[in-house]
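Read off the chains here:
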Amino acid sequence: MSSPVSIAETKALLKETLRQFEDFPTKGILFEDILPIFKSPKTFQSLIDAIKHQIEANFSTPESKPDVVVGLDARGFLFGPTLALQLGAAFVPVRKQGKVPGPTVEAEFEKEYGKDVFVMQADAIKAGQKVIIVDDIIATGGSAKAAGQLVTKLGGEILEYVFILELDFLHGRDQLNAPVYTLLSGQPEKLGS
Amino acid sequence: MSSPVSIAETKALLKETLRQFEDFPTKGILFEDILPIFKSPKTFQSLIDAIKHQIEANFSTPESKPDVVVGLDARGFLFGPTLALQLGAAFVPVRKQGKVPGPTVEAEFEKEYGKDVFVMQADAIKAGQKVIIVDDIIATGGSAKAAGQLVTKLGGEILEYVFILELDFLHGRDQLDAPVYTLLSGQPEKLGS
C-alpha cells in the first residue's frame, strides 16, 4: 500500500479523476462520471482510505462501530462492498423491486416523473445494528432518504450517509435524518434547460 | 486475515451460504441468491481469495497478468471491484444503455422475450490489455458473451470468464470464446413450469 495520503490530497485526486458530461442523460443535466476512479487501483484505494479515516475518527467505540454498509444499486455497489470488507462489516444492497428474492421491506421515493420503489431483504439487517449508507452522489436526497427508511423499518440505526459527491444546490442533505459526509461538493450551476 | 483456507473448504462454505428461492422472479425458476456472501466479511474474502488463487496460478507472468476486471451490472459489481483492487487491476463495468456517459461500444444479446443491449465506455479498455470478465452466475451465457464482444471490440484480450455459480444444464460455457472458471456448478433440474 502506498504511504499515507492526506484527505486533502485525496479530494484533489478525486476531483480531477471525475469526468463531467453535458446533457446526459437529458438536456440540462451535467452528469458526474465516477467510473474513472475504478480504473486506477491507487485512486480507488485512496477513496476507500478517506472514507475509512472519517468513519474510524467518528465511530470508533465498540458501541458505535458500523456493523453494516448499505449501498444503493448500482453505483453504490462499485465501492460499498470493498468499503464494508475493509471495515469488517456486512454489505447489504438496496435494489428495485423484482431483483431481490424473499421477504422484503419497501420504501417509495419521487423520481423526475412519478414514483419508484426501493426494497431490501427483510432479514438483511437486525434491530440495533449500526449502519452506514453509501452512494456515489447525493442530488435531491430522495433515493438516500428511501434507503434510510428501509434501514429504519428493520430497526437499524443509521450512523451516517456517505457520498463521493454532493450537489449542494439541491440541498439533498436536508432530507436526511443522520449526518452526511461527502468528499466533494458543488457543481457549476445546473445548465439552463 | 485468517489462515489460508483451501479451495475445497471455500467451495463448501459458498455452497452453504447461497440461498435458493423457488419461483422467483417467475414460476419454474429456482433463483440462486448470492447476497448472503456479502453479509460476512470472512466469506466474502474467501470468495475473493479463491478467485485470486486460480488467477495467480494461471496468469502469473508479466505478459499474462490481468490488467482489467470487467463486471456485469449489477451483481458483478458486488465483487468485481474488490477483486480488481486486490489484483491491482482496473475495474470496468458493463451496463445497459442510458446509464453510461460518453462514447460507447454496444453488443446485443437475447433475453427471454426479445433482445437487449449492453454497453461499455469506448475508452475503458486499451487494445492489448488482458481482461477477466466476472458475473455472479452463468446461465445461458448470453450476457457473458455480449460482455466478451464489448471487450473484443475495444481490442482487449479475454484471459477467462469467472463466475461464482454455473448452471451446467444450460451449457452457457459453450457460448464463450475463452476459458471459464466457476467455483460452484449444478442445480437441481429446473423446476417444471
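Here, every reference points to the structure presented above.
Throughout, residues of each chain are indexed from 1 in the direction in which the sequence is written. Each chain is given a letter, starting from A, and each ligand a number, starting from 1, according to the order in which they appear as written. With the structure being a predicted model, the display of local features is reserved for residues of pLDDT at least 70 and the display and counting of side-chain atom pairs for 80 or more, all residues being used for whole-chain, interface and lining totals. Computation of side-chain values covers all heavy atoms of the structure but excludes hydrogens and water.

A.B. asks: I'm lost on helix α1 (residues 7–17) of chain B in this one. Help?
C.D. replies: For the α-helix, the turn length of 3.6 residues means that residues three or four positions removed from each other point alike. Residue and element names in this part refer to chain B. For the exposure calls, accessible area comes from a 1.4 Å probe over protein chains only, and a residue counts as buried if that area is under 20% of its type's maximum, exposed if over 50%, partly exposed in between. Each helix is a run of DSSP H or I of at least 4 residues and each strand a run of E of at least 2, with the numbering of both proceeding from the N terminus. Burial in α1 covers these residues: Thr10, Leu14 and Thr17. Along the long axis of α1, the arc covered by the buried residues comes to 60°, so they all point the same way. Opposite the buried face of α1, by more than 90 degrees, sit the exposed residues Ala8, Lys15 and Glu16. Its buried side turned inward, α1 meets β1 (19–22), α2 (35–39), α3 (41–58) and β9 (180–185). This arc corresponds to the set of directions leading from the helix axis out to the C-beta atoms. Residues count as neighbours in contact if any of their non-hydrogen atoms are within 4.5 Å of one another.

A.B. asks: Explain the sheet that holds strand β8 (residues 157–166) of chain B to me, please; I cannot follow it from the model alone.
C.D. replies: In any sheet, the strands associate via hydrogen bonds between backbone groups, in a parallel or an antiparallel arrangement. Residues and elements named next belong to chain B. Between any two strands, pairing holds if DSSP finds at least two bridges. Overall, mixed pairing links the 7 strands, which are arranged β5-β6-β4-β3-β7-β8-β9 in an open sheet. At either margin of the open sheet sits one strand with a lone partner, and together these are β5 (104–110) and β9. The average undirected angle you get between the axes of adjacent strands in this sheet is 20°. Two strands pair when backbone bridges link them, and β8 and β9 are joined in this way by 5 bridges, in the parallel orientation. Note that in β9 the partner of glutamate 166 across the bridge is serine 185. Where helices are involved, their axes are fitted lines through C-alpha atoms of the stretch in contact, as for all axes, and angles between N-to-C directions lie from 0 to 180°. Contacting β7 (130–138), β8 and β9, α3 runs over the sheet at an angle of about 145° to β9.

A.B. asks: Is there a simple way to explain the packing of α1 of chain B against α3 of chain B in this structure?
C.D. replies: When two helices pack together, you describe them by how their axes are tilted relative to each other and by the distance separating the axes. All names here are of chain B. The contact between α1 and α3 brings their axes to 10 Å, and the two run at 135°. With respect to each other, α1 and α3 are oriented oblique. Judged by the twist between their axes, the crossing of α1 over α3 is left-handed. Where α1 abuts α3, its residues Ile7, Thr10, Leu13, Leu14 and Thr17 lie against Thr43, Ser46, Leu47, Ala50 and His53. Basically, the charged four are Asp, Glu, Lys and Arg, the nonpolar ten are Ala, Val, Leu, Ile, Met, Phe, Trp, Tyr, Cys and Pro, and anything else, Gly included, counts as polar. Grouping the amino acids of the contact of α1 with α3 by side-chain chemistry returns 5 nonpolar, 5 polar and no charged. Any angle that falls under 35 degrees is termed roughly parallel, while one over 145 is termed roughly antiparallel, one within 65 to 115 roughly perpendicular, and all others oblique. For any helix crossing, the convention is left-handed if the near helix is rotated counterclockwise from the far helix by under a right angle, and right-handed if that rotation is clockwise.

A.B. asks: Is there a simple way to explain the interface of chain A and chain B in this structure?
C.D. replies: Between chain A and chain B, the contact holds 35 residues from the first and 35 residues from the second. Summing both partners gives a buried area of about 3,000 Å² for chain A against chain B, and 65% of it is carried by carbon and sulfur. For chain A, the biggest contributors to the area lost against chain B are Lys39, Leu85 and Pro101 of chain A; these three give 20% of the whole. Take a side-chain nitrogen of Lys or Arg and a carboxyl oxygen of Asp or Glu: if they are within 4 Å of each other, that pair is a salt bridge. There are 2 salt bridges connecting chain A and chain B. The term buried area refers to how much accessible surface (probe radius 1.4 Å) is lost by two components on association, counted for both of them together.

A.B. asks: Please clarify how the nonpolar core should be interpreted in this entry.
C.D. replies: Note on soluble globular proteins: their nonpolar side chains tend to be buried together. The criterion is simple. A nonpolar core is a set of buried Ala, Val, Leu, Ile, Met, Phe, Trp, Tyr and Cys residues joined through side-chain atoms within 4.5 Å. Core analysis: the largest hydrophobic core is formed by 69 residues, its most contacted members being Ile37 and Phe79 of chain A together with Ile37 and Phe79 of chain B. At 7 residues, helix α4 (residues 75–87) of chain A tops the list of elements feeding residues into this core. Contact partners of phenylalanine 79 of chain A, with chain neighbours within four places excluded, come to Phe38, Phe44, Leu47, Ile48, Ile51, Val134, Asp135, Asp136 and Ile164 of chain A.

A.B. asks: Sorry, what's going on with the sheet that holds strand β4 (residues 90–96) of chain A here?
C.D. replies: Residues and elements named next belong to chain A. Read from one edge to the other, the open sheet built from 7 strands follows the order β5-β6-β4-β3-β7-β8-β9, with strand pairing classed as mixed. Where the open sheet ends on each side, the last strands, each with one partner, are β5 (104–110) and β9 (180–185). On average, each strand axis in the sheet is tilted by 20° relative to the strand beside it, whichever way the strands run. Where β5 meets strand β6 (residues 115–121), 7 bridges bridge the pair, whose relative direction is antiparallel. For glutamate 110, the partnering residue across the bridge sits in β6 and is lysine 115. Contacting β3 (68–72), β4, β5, β6, β7 (130–138) and β8 (157–166), helix α5 (residues 142–153) crosses the sheet at an angle of about 155° to β5.

A.B. asks: Just to check I follow, could you spell out the packing of aromatic side chains for this structure?
C.D. replies: The geometry of two aromatic rings is summed up by the distance between their centres and the angle between their planes. Aromatic contacts are taken between Phe, Tyr and Trp rings whose centres are within 6.5 Å, Trp giving its six-membered ring; a plane angle under 30 degrees counts as stacked, one over 60 as edge-to-face, and the others as tilted. Counted by the stated rule, this structure contains 10 aromatic pairs over all chains. The interplanar angle of 25° and the centroid separation of 4.4 Å between the aromatic rings of phenylalanine 109 of chain A and phenylalanine 118 of chain A together place this pair among those described as stacked. Pair check on accessibility: phenylalanine 109 of chain A and phenylalanine 118 of chain A agree, each one buried. Between phenylalanine 38 of chain B and phenylalanine 44 of chain B the ring centres are 4.8 Å apart and the planes differ by 70°, which places this aromatic pair in the edge-to-face class. For phenylalanine 44 of chain B, a relative accessible area of 2% puts it in the buried group.

A.B. asks: I keep staring at the packing of helix α3 (residues 41–58) of chain A against α4 of chain A and nothing clicks. Help me out?
C.D. replies: All names here are of chain A. Where α3 meets α4, the closest approach of the two axes is 10 Å, and the angle between their N-to-C directions is 55°. By the angle between their axes, α3 is oblique relative to α4. Relative to α4, the crossing made by α3 is right-handed. Taking contact as the criterion, the partners of Phe44, Gln45, Leu47, Ile48, Asp49, Ile51, Lys52, Ile55 and Glu56 in α3 are, on α4, Leu78, Phe79, Thr82, Leu83, Gln86 and Leu87.

A.B. asks: So what exactly am I meant to see when it comes to unusual backbone geometry here?
C.D. replies: Trans is the common state for peptide bonds, and a negative phi is the common state for residues other than glycine. Residue alanine 74 of chain A follows aspartate 73 of chain A across a cis peptide bond; omega there is -5°. You can see alanine 74 of chain A is positioned in the loop between β3 and α4. The amide bond that connects phenylalanine 24 of chain B to the next residue, proline 25 of chain B, takes the cis arrangement and shows omega of -5°. In this structure, proline 25 of chain B sits in the loop between β1 and β2 (30–33). Although it is not a glycine, aspartate 23 of chain A sits at a positive phi angle of roughly 55°. Of note, aspartate 23 of chain A is situated in the loop between β1 (19–22) and β2 (30–33). Residue class for aspartate 23 of chain A comes out partly exposed when judged on its relative accessible area of 34%.

So, to be careful, I would describe these as geometric facts and stop short of saying anything about function.
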